[in-house]
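Here are the chains, one letter per residue:
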Amino acid sequence: MIRSEPRALPSAAWTWAAPFLALAITVLLGVMLFTAMGKDPVAALRVFFWEPIKSPYALGELVVKATPLLIIALGLGLCFRANVWNIGAEGQYVMGAIAASGVALQLGGVAGAWVWVILAGVLGGMVWAALVAWLRERFHANEILVSLMLVYVAVQVLGYLVFGPWKDPAGYNFPQTQTFDAATRIPRFMAGSRMHLGLVLALLGVVGLWVFLFRTRAGWAQQVAGAAPMAARYAGFSSRQALWVALLVSGGAAGLAGALEVAGPMGQLTPYVPVGYGFAAIIVAFVGRLHPVGMVFSALLMSMFYIGGELAQSRLGLPKSITGVFQGLLLFSLLACDTLVAYRLRWLKGA
Amino acid sequence: MPEPLLTLAGITKRYPSVVANDAVSLRVMPGEIHAVLGENGAGKSTLMKVIYGVTQPDEGRIFFQGEVVRIRNPQVARQLGIAMVFQHFSLFDSLSVAQNVWLGLDAKWTLPEVRARIVDKAAQYGLDMHPDRPVHTLSVGEMQRVEIIRALLTDPRLLILDEPTSVLTPQAVDKLFVVLRQLVAEGCSILYISHKLHEIRSLCTRCTVLRAGRVTGECDPRQESNASLSQRMIGSEPPTLVRQRRSPGPVLLQVTGLNLPRSEPFGVDLSGVTLSLRAGEVLGIAGVSGHGQRELLAALSGEDTRAQPQAIALEAEAVGAWPPPARRAWGLHFVPEERLGRGAVPGMDLAHNFLLTRHEAVGRGGWIHLRALQAQASAVIERFRVKASGPRALAQSLSGGNLQKFIVGREIDAKPRVLLLAQPTWGVDVGAAAQIRAAILGLRDAGCAVLVVSEELDELFELCDGLHVMAQGRLSARIDRDQADVALIGSWMSGLWPEQASATAGGGA
């Protein structure tokens, strides 16, 4: 018989080990899944874990997909540490993409226009998240529900724009905008790769978040608001400020990712902007232990799942939803493994 | 010699970081009130949980009425005739007394039957209790009565009481003791857990003393003194406090006619609270908790800024609307009642917990100077003899007493002009409590104005120069410690103090 006992203190070792155990369990379940579907599990694992890293170009693509995931996850990490549950990063991402596209279409060929495009994206995401903060503060609306529902509103707005006023007149009636002018596109820094400035911004974000969380009083206060609200009140930290900072930063980050995506790899606004990065970033944040450095690795892992899922679709004939299945498996395994941080298992001899 | 009712033989219970009970043996005879005395963390509660079947011992055997028993869960314990009243009540606020009792019983009685039995038991033991009252209308003492009646309905042979008097007024304690003595006269045995020495000496006939999980002695408490009992309990005698008379300085904190409606449904409205606190004195607020102490302290500390600005004054400043950091900057510091989660963040280390109320180690732009912060924390750990592995130790890894020493130390180290303390030694072991009290008196002698809110009258009498009593959101007039005694304060605790005195004191400001 196995019995779980609460630990006196959370286990530091399992805090680190749990994500790896969760990954192992995910792979194991994946193998069982592929076998059950009649596919060769070794080939499937190759597609997920080797193909995305086998060549410099593939690595570049891995980074391109990891970049928006990481940027959104960094914002969410701050949010979740403050106990503010922004589940609607996807909506803020879409709004960022919309705002960035609007500016890109307006400015056209103005030199350095991409800077304004990025700023517009950040602002768009912030506004969408500010709505959540305002509703929670003013009406005590639950931010989980509100932020999630606003995702669907954002997607509808996107649909309206690309099927309606912003549709490219020369685009054979496809629901998409004009391709953005080169001046509004995010600069790339390597020929032959789609890696772009977003990577630099993401890495700066990692450093910035680390410094903010672990070296400044404001960042520390933000976490106290999440970890012990009564202590935050006792100290005199404003819970209002914590709410707004959390939502504005995470909304801004999601909006930034949206801007980088439309003005980067995509180059135009289409109905296919929402691909679930905002939701996947929640998993990235938790698998990365809400730690800026941890999130770098979990973003790469999640990016692998995206690329592996696409390859599995084309090469092995697996359904596209396999990506989502993998993401879900990983999150659930992690939540299960996390009990080991607070509990330990004991094998009891027969009662 | 009659057969013992309960015998524990070599009970050992290990937890990941500590051996809570180390080969504990104990014998309870029929019809005796057996005290289990020990500091917090000595293993009393663990031992009771073992007897009541909440946890299983790793080693050792339990005999009940001469037979080996395995108490797998509380239901088994109740079938044997063991009942327990926990320190924290398990009652549903929205249900009536009878419904609550009914829910907690294993027996297959109907609600009307339970109702009738409650009335019977209450009459039998002189416990005043109406079975149809909703629990949220009861005082804490009455809630405890519900728990006791629930235990008595099972006709226990052994009743376990865990720190039963911590929530009672002195008069209510006397009433409880009458009930307990009657129970014992009828043949029931009682295991009485406490760290209050005088209670044990007046009530109990046997006493087993625990220290750090081991039995350090068994004695007849009626033949011991407080000093000899505490020597057994902590291994040394606590230092006696020396209070010197001092003439107090100017008024630093003045509260005038503070009215404050409750901010949450189960809170208390403050009405017409008036007090003045002078430099170099310790003022105590007695009273059963839940009568507005929490609300008053929140208004004084700045956590609740809804008060009229003029109602609270620090020297000449009307500060009713100031937030906590502004009051701290003036020199008003506060030690809250809850240590984990309010006075300290459980999952953060001691050094970072300094940042809650102190900002000496915060540089320009809010940059945290880690070295300075850790040095600051280390200094307090050393000065107040906090048992911790260092400034990097997590707050939740400390025992209650040590964490309290750290928090009190953190606030004293800030050299406050006014210090507010809520239940400064609640749940703290005797050694640490003595140290904290000495520190409070030291602060007073250094000219600080100290306000202590406590349920423990002994503590207030030991520390304070003057006393107020709080009941139902109102504050009594001040009475000098030398004119007060336990009986008087006890009667004031039910809200009956002479209004005349209150009016006179209130008129001064």
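Engineer: Requested: an account of the overall build of chain A, with residues and values cited.
Structural biologist: Looking only at helices and strands, chain A has 13 helices and two strands in total. Taking 351 residues into account, the globule formula puts the C-alpha radius of gyration at 20 Å, and chain A, at 21 Å, falls close to it. In terms of overall dimensions, chain A has a C-alpha envelope of 75 × 60 × 35 Å along the principal axes. A total of 351 residues make up chain A; the buried ones form 46% of that total. When contacts within chain A are restricted to residue pairs at least 6 apart in sequence, those whose partners lie at least 24 apart make up 79%.

Engineer: Residues and numbers for the sheet that holds strand E10 (residues 214-219) of chain B, please.
Structural biologist: Residues and elements named next belong to chain B. Here six strands make up an open sheet; going across it, the order is E6-E7-E8-E3-E9-E10 and the pairing mixed. Looking at the sheet topology across the chains shown, the edges are occupied by strand E6 (82-85) and E10. Looking at each pair of strands side by side, their axes are set apart by 20° on average, direction ignored. For strand E3 (residues 33-38) and strand E9 (residues 206-211), the ladder comprises five bridges, and the chain directions are parallel. Considered in E9, the bridge of Val36 is made with Thr208. Across the sheet, helix H5 (residues 140-152) lies against E6 and strand E7 (158-162), angled at about 175° from E6, the strand it touches most. Sheet contacts for helix H6 (residues 170-185): E3, E7 and strand E8 (189-194); angle to E8, the most-contacted strand, approximately 145°.

Engineer: Go over the sheet that holds strand E4 (residues 59-64) of chain B, please, and point to the residues and values.
Structural biologist: Residue and element names in this part refer to chain B. Pairing within the open sheet is antiparallel, and its four strands lie in the order E2-E1-E4-E5. Both edges of this open sheet fall to strand E2 (18-28) and strand E5 (67-69), since each of them pairs with a single strand only. Within this sheet the neighbouring strands show an average axis-to-axis angle of 30°, counted without direction. As defined by bridge partners, E4 adjoins E5 across three bridges and the pair is classed as antiparallel. Bridging from a neighbouring strand, Phe64 pairs with Glu67 of E5.

Engineer: Hey, could you go over the interface of chain A and chain B for me, with residue numbers and the actual values?
Structural biologist: Counting residues at the interface gives 17 residues for chain A and 29 residues for chain B. Elements with a contribution of two residues or more to the side of chain A that touches chain B: helix H8 (217-227) and helix H9 (229-235) of chain A. The residue makeup of the side of chain A that touches chain B, split by class, is 11 nonpolar, two polar and four charged.

Engineer: Report on the domain arrangement of chain A, specifying residues and quantitative values.
Structural biologist: Residue and element names in this part refer to chain A. Domain boundaries assigned for chain A yield domain 1 (1-39 + 318-351) and domain 2 (57-316). On a C-alpha basis, the centroid separation for the pair domain 1 and domain 2 is 28 Å. Each partner contributes residues to the interface: domain 1 has 12 residues there, and domain 2 has 12 residues. Breaking the side of domain 1 that touches domain 2 down by element, the ones donating at least two residues are helix H1 (12-36) and helix H13 (322-342). Per-element accounting of the side of domain 1 that touches domain 2 gives the leading share, seven residues, to H13. Looking at the side of domain 1 that touches domain 2 residue by residue, the class counts come to seven nonpolar, three polar and two charged.

Engineer: Before we move on, could you go through the packing of H1 of chain A against H13 of chain A and cite the residues and values that matter?
Structural biologist: Residue and element names in this part refer to chain A. Interhelical geometry of H1 versus H13 gives an angle of 140° and a closest axis separation of 8 Å. Our classification of the angle between H1 and H13 gives oblique. Relative to H13, the crossing made by H1 is right-handed. Along the contact surface, H1 presents Trp14, Thr15, Ala18, Pro19, Leu21, Ala22, Leu23, Ile25, Thr26, Leu29 and Gly30, while H13 presents Phe326, Leu329, Leu330, Ser333, Leu334, Cys337, Asp338, Leu340 and Val341.

Engineer: Talk me through the environment of Thr46 of chain B; I want residue IDs and the actual numbers.
Structural biologist: In this fold, Thr46 of chain B is placed in helix H1 (residues 44-51). In this structure, the C-alpha to C-alpha distance between Thr46 of chain B and Glu337 of chain B, residues 291 residues apart in sequence, is 24 Å.

Engineer: Go over the packing of helix H2 (residues 41-49) of chain A against helix H12 (residues 292-316) of chain A, please, and point to the residues and values.
Structural biologist: The packing of two helices is summarised by the inter-axis angle and the distance between the axes. All names here are of chain A. At their nearest, the axes of H2 and H12 sit 7 Å apart, and the two run at 135° to each other. By the criterion of interaxial angle, the relationship of H2 to H12 is oblique. Where H2 crosses over H12, the handedness of that crossing is right-handed. Mapping the contact onto sequence places Ala43, Ala44, Val47, Phe48 and Phe49 in H2 and Met304, Phe305, Gly308, Leu311, Ala312, Arg315 and Leu316 in H12. Classifying every residue of the contact of H2 with H12 gives 10 nonpolar, one polar and one charged.

Engineer: Any details on the domain arrangement of chain B? Residues and values, ideally.
Structural biologist: Residues and elements named next belong to chain B. Per the domain assignment, the segments making up chain B are domain 1 (6-234), domain 2 (241-331 + 416-509) and domain 3 (345-413). A C-alpha centroid distance of 26 Å is found between domain 2 and domain 3. Residue-level contacts link 12 residues of domain 2 with nine residues of domain 3. With five residues, helix H14 (residues 430-445) is the largest single contributor of residues to the side of domain 2 that touches domain 3.

Engineer: Any chance you could break down the pairing of strand E17 (residues 418-422) of chain B for me, citing the residues and the numbers?
Structural biologist: Residue and element names in this part refer to chain B. For E17, the tally of buried residues reaches five of five residues, placing the bulk of the element in the interior. Neither face of E17 is open: one carries Val418, Leu420 and Ala422, the other Leu419 and Leu421, and all of them are buried. With four bridges joining them, strand E16 (residues 332-335) and E17 adopt parallel strand pairing. The residue of E17 that forms the bridge with Leu332 is Val418. Both E17 and strand E18 (residues 449-453) contribute to a ladder of five bridges, which runs parallel. Residue Leu419 lies in a different strand from E18, and its bridge partner there is Val450.

Rules used throughout
The numbering scheme is per chain: residues are counted from 1 as the chain's sequence reads. Chains carry letters and ligands carry numbers; both start at the beginning, A for chains and 1 for ligands, and go up in the order they are written. The model is predicted, so local features are restricted to residues of pLDDT at least 70 and side-chain atom pairs to those at 80 or more, both for listing and for counting; the totals for chains, interfaces and linings are taken over all residues. A run of H or I in DSSP becomes a helix once it reaches four residues, and a run of E becomes a strand once it reaches two; helices and strands are each numbered from the N terminus. Atoms counted for the radius of gyration: C-alpha only. Globule rule: 2.2 Å times the number of residues to the power 0.38. Our exposure labels follow a C-beta count within 10 Å of each residue's own C-beta, placed from the backbone: buried means 20 or more other C-beta atoms, exposed means 12 or fewer, and partly exposed covers the counts in between. A residue pair is marked as a contact if its C-beta atoms, positioned from the backbone, fall within 7 Å. In short, DSSP must find at least two bridges between two strands for them to pair. Helix axes are fitted to C-alpha atoms over the stretch in contact, other axes to C-alpha atoms as well, and angles between N-to-C directions run from 0 to 180 degrees. As a working rule, the residues Ala, Val, Leu, Ile, Met, Phe, Trp, Tyr, Cys and Pro are called nonpolar, Asp, Glu, Lys and Arg charged, and the rest polar, with Gly in that last group. Each domain's limits were defined by an automated method or a database of domain assignments. Reported orientations rely on four angle classes, namely roughly parallel under 35 degrees, roughly antiparallel over 145, roughly perpendicular from 65 to 115, and oblique for the rest. Each crossing gets its hand from how the near helix is turned against the far one by less than a right angle, where anticlockwise is left-handed and clockwise is right-handed.

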